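Residues per chain are reported as follows:
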Amino acid sequence: MDLRSRSEDNLQVVSVHDARIDAAVAIEFKDAMRASTDGGSETVILDLSEVQFIDSSGLGAIVAAMKNMGQARTLALAGLTPTVDKVFRLTRMDSVFPVFPTLDGALTELRA
Amino acid sequence: MKESVMSFVSQMPDIRVCVQSSELAVRAALKELLAGLGPLDLDVEEIGTVELVMAEALNNIVEHAYPEGDPAGPINIACKHATDGLHLTVIDEGRGMPNGRTPLGQAANLDVDFCDIPEGGFGWFLIKDLAKDVTYQRIAPQNRLTLRLAVAMA
């Protein structure tokens, strides 16, 4: 699982450089997110623009990553491609996370 | 008019995909299935529906029909294109569903405390939300799941 993390002002951006977050990599993703976000900034943007597909295990792993960060911090999602967006919409998990169509949009909004 | 419908349906030969159960087999099976659907020229929304429903169905088989510790076994997928969409059959020879039926697949309750936000239980909800005519039969030693996806309809 290729996650790359960088800081922008007071924000941390974690970009997923894989096309799929599915059952085969869900645990690996969860562990990699924990390593990336532990002790990090209060707000983390998960850039999903390269991810073409997630299944329910991938969705569960993203929820687990948010819960691991704790309630005092925010995990925002950016750059959802059509099928990823569909999974969040159908399960109504788009109401649990702040969701932004693009990374730039998320950065503009969350920097303020 | 009828002729054009028939020719549209016949553009895609029936698809058969056979894999041995494993997490990575799910990816391989989905790839092969989607490649077989190529002639239908599905849009991104329709491809998403097929891939999502079938990923959930196959993941369930890998996790629950052939759980860790049990020997792996075959998963056979058949797909036919008809005027009312894609008819899919998935057969495995693993453990049967508890109580002989599929889970209800109800939407998760999100009106809960932070620590209780669900991390699972979305699979059958997605299958039942996106697929039509879902049936499950245990005819030992086989589990037989059939469903229809209302995509590529004439």
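All figures in this text were calculated on a predicted structure; none of them were measured in a lab.

Rules and cut-offs
Residues numbered from 1 in each chain as written. Chains lettered and ligands numbered in written order. Predicted model: local features only at pLDDT ≥ 70, side-chain atom pairs only at ≥ 80, totals over all residues. Heavy atoms only, no water. 1 Å grid on protein atoms, 1.4 Å probe; cavity = no way out; pocket = protein on both sides within 12 Å on 5 of 7 lines; lining within 4 Å. Points joined across faces, edges and corners; volume = space filled by probe spheres on them. Helix = DSSP H or I, 4+ residues; strand = E, 2+ residues; numbered from the N terminus. Nonpolar A, V, L, I, M, F, W, Y, C, P; charged D, E, K, R; others polar. Buried < 20%, exposed > 50% of the residue type's maximum accessible area, 1.4 Å probe, protein only. Arc of directions from axis to C-beta. Contact = heavy atoms within 4.5 Å. Polar contact = N/O pair within 3.5 Å; in protein donor to acceptor, adjacent residues only side chain to side chain. Phe/Tyr/Trp six-rings, centres within 6.5 Å; stacked < 30°, edge-to-face > 60°. pLDDT = per-residue confidence, 0-100. Core = buried A, V, L, I, M, F, W, Y, C linked by side-chain atoms within 4.5 Å. Buried area = accessible area lost by both parts, 1.4 Å probe. Salt bridge = Lys/Arg side-chain N within 4 Å of Asp/Glu carboxyl O. Pairing = 2+ DSSP bridges. Axes fitted to C-alpha atoms, helices over the stretch in contact; angles between N-to-C directions.

1. What about the layout of surface pockets?
All names here are of chain B.
Link 1 in the chain: Taken as a whole, the largest pocket encloses approximately 270 Å³ of empty space.
Link 2 in the chain: Residue lining of the largest pocket: 16 residues in total, with Asn60, His64, Ala65, Met97 and Trp124 positioned closest to the centre.
Link 3 in the chain: Elements supplying a minimum of two residues to the lining of the largest pocket: helix H3 (44-65), strand S3 (85-92) and strand S5 (142-149).
Link 4 in the chain: No other element matches H3, which puts five residues into the lining of the largest pocket.
Link 5 in the chain: Here the residues of the lining of the largest pocket sort into 10 nonpolar, four polar and two charged.

2. Topic: helix H4 (residues 103-111) of chain A
Residues and elements named next belong to chain A.
Link 1 in the chain: Those residues of H4 not exposed but buried are Leu103, Ala106 and Leu107. The buried residues of H4 occupy an angular sector of 100 degrees when projected down its axis, which confines them to one face. What points out from H4, more than 90 degrees from its buried face, is the exposed set Asp104, Thr108 and Glu109.
Link 2 in the chain: Where H4 is buried, its residues contact strand S1 (3-8), strand S2 (11-16), strand S4 (43-47), strand S6 (74-78) and strand S7 (99-100).
Link 3 in the chain: Among the residues of H4, the N-terminal cap falls to Thr102, whose side-chain oxygen and the backbone nitrogen of Gly105 are separated by 3.0 Å.

3. A few points about the packing of aromatic side chains
All names here are of chain A.
Link 1 in the chain: Under the counting rule described, the total for this entry stands at one aromatic pair over all chains.
Link 2 in the chain: Relative to Phe97, the ring of Phe88 has its centre 5.9 Å away and its plane inclined at 85 degrees; by these criteria the two rings are edge-to-face. The pair Phe88 / Phe97 is uniform in exposure class, with both members buried.

4. Comments concerning the confidence of the model for chain B
Link 1 in the chain: Mean pLDDT over chain B stands at 92; residues scoring 70 or higher make up 94%.
Link 2 in the chain: A low-confidence stretch, residues 1-8 of chain B (pLDDT under 50), is modelled with six contacts involving residues beyond four sequence positions or located in other chains.

5. Regarding the nonpolar core
Link 1 in the chain: Counting 74 residues, the largest nonpolar core has Leu46(A), Leu48(A), Ile62(A), Leu75(A), Phe88(A) and Leu37(B) as its most contacted members.
Link 2 in the chain: Among the elements that take part in this core, H3(B) stands out by supplying 10 residues, more than any other.
Link 3 in the chain: Leu48(A) has contacts with Val16(A), Ile21(A), Ile62(A), Leu77(A), Ala78(A), Gly79(A), Leu80(A), Thr81(A) and Val84(A), leaving out every residue within four places of it along the chain.
Link 4 in the chain: Counting residues in hydrophobic clusters, the runner-up holds nine residues, among them Leu11(A), Ala78(A), Leu103(A) and Ala106(A).

6. Observations regarding the interface of chain A and chain B
Link 1 in the chain: Across the boundary between the two partners, chain A contributes 28 residues, which contact 29 residues of chain B.
Link 2 in the chain: Both sides of the chain A and chain B interface together cover about 2,400 Å² of buried area, and 63% of this is carbon and sulfur.
Link 3 in the chain: In terms of surface lost to chain B, no three residues of chain A exceed Lys67(A), Lys86(A) and Leu90(A), which account for 23% of the buried area on that side.
Link 4 in the chain: As a salt-bridge pair, Lys86(A) and Glu45(B) come within 2.7 Å of each other at their nearest N and O atoms.
Link 5 in the chain: On the surface where chain A and chain B come into contact, there are nine residue pairs in polar contact (both at pLDDT 80 or more).
Link 6 in the chain: With eight residues, helix H2 (residues 56-69) of chain A is the single largest residue contributor to the side of chain A that touches chain B.

7. Some details on the pairing of strand S4 (residues 132-139) of chain B
All names here are of chain B.
Link 1 in the chain: With six bridges joining them, S4 and S5 adopt antiparallel strand pairing. Of the residues in S5, the one forming a bridge with Tyr136 is Leu145.
Link 2 in the chain: Where S4 folds back on S5, the antiparallel hairpin that results is connected by two residues.

8. What about the sheet that holds strand S2 (residues 74-82) of chain B?
The strands that make up a sheet are held in pairs by hydrogen bonds between backbone atoms, and each pair lies either parallel or antiparallel.
Residue and element names in this part refer to chain B.
Link 1 in the chain: With respect to topology, five strands assemble into an open sheet ordered S1-S2-S3-S5-S4, the strand pairing being antiparallel. This sheet does not close on itself; its edge strands, each paired only once, are strand S1 (15-20) and S4. When strand polarity is set aside, the average angle formed by the axes of neighbouring strands in this sheet is 15 degrees.
Link 2 in the chain: This element, helix H2 (residues 23-36), spans S1, S2 and S3 of the sheet and lies at about 170 degrees to S1.

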